[in-house]
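Geometric and topological summary
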Amino acid sequence: MSLLEDIQEVLSELNIPIETGVFSDEAPDQYIVVVPLADTFDLHADNSPGVDVQEARLSLFSKGSYTAAKNRLVRLLLREDFTITDRRYNGYETDTGYHHYVVDVAQYYEMEV
């Protein structure tokens, strides 16, 4: 089980181009870049992990209004039971003309030992 795979599958419904790490093609007017943030284990009394917690940052870049896409993104993530740990407007990039909005997500997977 992989958070990156789950994100790719779920966000395909948005019809917004999405890549991991960096957008390598010519950037369209709106796109998403996914960056892995952390892979951790929940602590348990017996020191044996039972849950694998994976986190990623979704960066939405938009040359126009980003609010409709941001709202669809957030609703979709919540509908699919992702945990949203942070979301914020990251600013307007004057050199590229993109608004940048980030949504940090976490997903909890049972350990397969």
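Figured I'd write up the structure that's included with this text. Predicted, not measured: the structure shown is a model, and the values here were computed from it.

The next thing to look at is helix H2 (residues 67-79). Look at H2: 18 Å from first C-alpha to last across 13 residues, which is about the 18 Å you get at 1.5 Å a residue. For H2, the complete set of buried residues consists of Ala69, Lys70, Leu73, Val74, Leu76 and Leu77. Down the axis of H2, the sector holding all buried residues measures 165 degrees, keeping them to one side. Set apart from the buried face of H2 by more than 90 degrees, the exposed residues are Ala68, Arg75 and Arg79. Lining the buried residues of H2 we find helix H1 (3-11), strand S2 (30-41), strand S3 (51-62), strand S4 (83-93) and strand S5 (98-110). A positive backbone phi angle near 65 degrees is found at aspartate 81, which sits one or two residues after H2.

So, on to the nonpolar core. Counting 23 residues, the largest nonpolar core has Ile7, Leu11, Ile32 and Leu58 as the members making the most contacts within it. Within the residue set of this core, elements represented by two or more residues are H1, S2, S3, H2 and S5. Top element by residues in this core is H2. It accounts for 5 residues. Excluding anything up to four places from it in sequence, isoleucine 7 contacts Ile18, Val34, Ala56, Leu58, Phe82 and Val105. Listed in part, the 5 residues of the second largest apolar core include Phe23, Val33, Phe61 and Tyr98.

A few words now on the pattern of salt bridges. This structure, assessed with the given rule, holds 4 salt bridges. Notably, a salt bridge pairs arginine 57 with aspartate 104, separated by 2.6 Å at the nearest N-O pair. On the criterion of sequence distance, the pair formed by arginine 57 in strand S3 and aspartate 104 in strand S5 is long-range, its members being 47 residues apart. A relative accessible area of 30% places arginine 57 in the partly exposed class. Classification of aspartate 104 as buried rests on a relative accessible area of 6%. Aspartate 86 serves as the salt-bridge partner of arginine 88, at 2.7 Å between the closest nitrogen and oxygen. The class for arginine 88 is partly exposed, based on a relative accessible area of 44%. Classification of aspartate 86 as partly exposed rests on a relative accessible area of 22%.

So, about the packing of aromatic side chains. For any pair of aromatic rings, the description consists of the separation of the ring centres together with the inter-plane angle of the planes. Enumeration over the complete set of coordinates arrives at 6 aromatic pairs. Where phenylalanine 23 meets tyrosine 31, the ring centres are 4.5 Å apart and the plane angle is 45 degrees; that geometry is what we call tilted. Like tyrosine 31, phenylalanine 23 is buried. Measuring from ring centre to ring centre gives 6.3 Å for phenylalanine 61 and tyrosine 98, while their planes differ by 85 degrees; the resulting arrangement is edge-to-face. Placement of the pair is phenylalanine 61 in strand S3 and tyrosine 98 in strand S5, with a sequence separation of 37 residues. In this pair, the class of phenylalanine 61 matches that of tyrosine 98, namely buried. An aromatic cluster is built from Phe23, Tyr31, Phe61 and Tyr98, whose rings are joined through pairwise contacts.

Cut-offs and rules
- Residues numbered from 1 in each chain as written.
- Predicted model: local features only at pLDDT ≥ 70, side-chain atom pairs only at ≥ 80, totals over all residues.
- Heavy atoms only, no water.
- Helix = DSSP H or I, 4+ residues; strand = E, 2+ residues; numbered from the N terminus.
- Expected span 1.5 Å × (residues − 1).
- Buried < 20%, exposed > 50% of the residue type's maximum accessible area, 1.4 Å probe, protein only.
- Arc of directions from axis to C-beta.
- Contact = heavy atoms within 4.5 Å.
- Core = buried A, V, L, I, M, F, W, Y, C linked by side-chain atoms within 4.5 Å.
- Salt bridge = Lys/Arg side-chain N within 4 Å of Asp/Glu carboxyl O.
- Phe/Tyr/Trp six-rings, centres within 6.5 Å; stacked < 30°, edge-to-face > 60°.

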